[in-house]
Amino acid sequence: MTTDYVVIHSEAKTASILQEGGMKATLRKLEGSGIFELETKDEPVEHWILTNKLDGRIKPFSLACYRANKDRGVLLESQEPFLKIRDHLFSHNNKFYSIGEAIPARAPPKNFIQGSKYITRLVNFPFILLDEIDSETKHQMKKFRGIAVAEIFGLGAAGFHLKIYGDELADIGLQLTASTYILYTTR
């Protein structure tokens, strides 16, 4: 089973996220630099804050997604991030994933220079916590291999796509879609 998310940039600071063709959420850039609100269209409505500030500083290809509650029009975010992406890497259910860096197993690297970027589950990755990964390992991610569990592609009027293979990332699909859209487009 494959789940396809598409982000359509509709207005200057707003994008719509579709899942299998139906409206799933709205992503809005809030006042200030690098802060976004993700609001689901399902009942009950859920709110998320996405920020490029990770542990107090802005890092490239890094983002934190927090669950938020809306109280009298004010968003209050949780203390711990729901999803934390640091230098193209994130952890989910005690497994590590690379966004566009590690190459799927048994695939020649030349096939991944252009086109889709793959989210790969890293196999035999020697770390337990995301914050423990050293800069040398991050710098050499192209040497790591993994199993492709999703792919991202497209931008502009045709939309930005996140296609998830199977249900391994299904429970974070919406947040991952919004996060990769922010990280890999100019929004």
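Residues numbered from 1 in each chain as written. Predicted model: local features only at pLDDT ≥ 70, side-chain atom pairs only at ≥ 80, totals over all residues. Heavy atoms only, no water.

### Quick look at the pattern of salt bridges
One pass over the full model with this rule turns up 12 salt bridges. As a salt-bridge pair, R28 and E37 come within 3.6 Å of each other at their nearest N and O atoms. Under the relative-accessibility criterion, E37 is labelled buried at 4%. Across the salt bridge formed by K84 and D55, the nearest N and O atoms sit 3.6 Å from each other. Here K84 is found in strand β10 (residues 83–86), whereas its partner D55 is found in the loop between β6 (53–54) and β7 (57–58), with 29 residues between them in sequence. Judged by its relative accessible area of 54%, D55 falls in the exposed class. Overlapping salt bridges bring together R28, E37, E39 and K41 as one network. (Salt bridge = Lys/Arg side-chain N within 4 Å of Asp/Glu carboxyl O. Buried < 20%, exposed > 50% of the residue type's maximum accessible area, 1.4 Å probe, protein only. Helix = DSSP H or I, 4+ residues; strand = E, 2+ residues; numbered from the N terminus.)

### As for the layout of surface pockets
In this structure, the largest pocket encloses a volume near 260 Å³. Around the largest pocket sit E80, P81, F82, L83, K84, S91, I128, L129, L130 and D131, which together line it. Across the lining of the largest pocket, the residue classes tally to six nonpolar, one polar and three charged. (1 Å grid on protein atoms, 1.4 Å probe; cavity = no way out; pocket = protein on both sides within 12 Å on 5 of 7 lines; lining within 4 Å. Points joined across faces, edges and corners; volume = space filled by probe spheres on them. Nonpolar A, V, L, I, M, F, W, Y, C, P; charged D, E, K, R; others polar.)

### Regarding the side chain of S62
Assignment of secondary structure puts S62 in the loop between β7 and β8 (63–71). Residue class for S62 comes out buried when judged on its relative accessible area of 1%. Look past the residues within four positions of S62 in its chain and what remains in contact with it is N52, L54, I85, R86, D87 and L183. (Contact = heavy atoms within 4.5 Å.)

### Quick notes on unusual backbone geometry
A cis amide bond links E43 with the next residue in sequence, P44, at an omega value of -5 degrees. Mapped onto the elements of the fold, P44 is located in the loop between β4 (35–40) and β5 (47–51).

### With respect to helix α2 (residues 173–184)
Residue pairs spaced three or four apart in an α-helix point in one direction, given the helix's 3.6 residues per turn. In a regular helix each residue adds 1.5 Å, so 12 residues correspond to 16 Å; α2 covers 16 Å between its end C-alpha atoms and thus fits that length. The buried fraction of α2 is high, at 12 of 12 residues. Listed as buried for α2 are G173, L174, Q175, L176, T177, A178, S179, T180, Y181, I182, L183 and Y184. (Expected span 1.5 Å × (residues − 1).)

### Topic: the pairing of strand β2 (residues 14–19)
Direction of pairing for strand β1 (residues 2–11) relative to β2: antiparallel, over a ladder of six bridges. Residue pairing across strands places E11 opposite T14, the latter belonging to β2. Count of turn residues in the β1/β2 antiparallel hairpin: two residues. Counting the residues between successive antiparallel strands, the hairpin from β2 to strand β3 (residues 22–29) contains two residues, one of them, E20, with a positive phi of roughly 50 degrees. (Pairing = 2+ DSSP bridges.)

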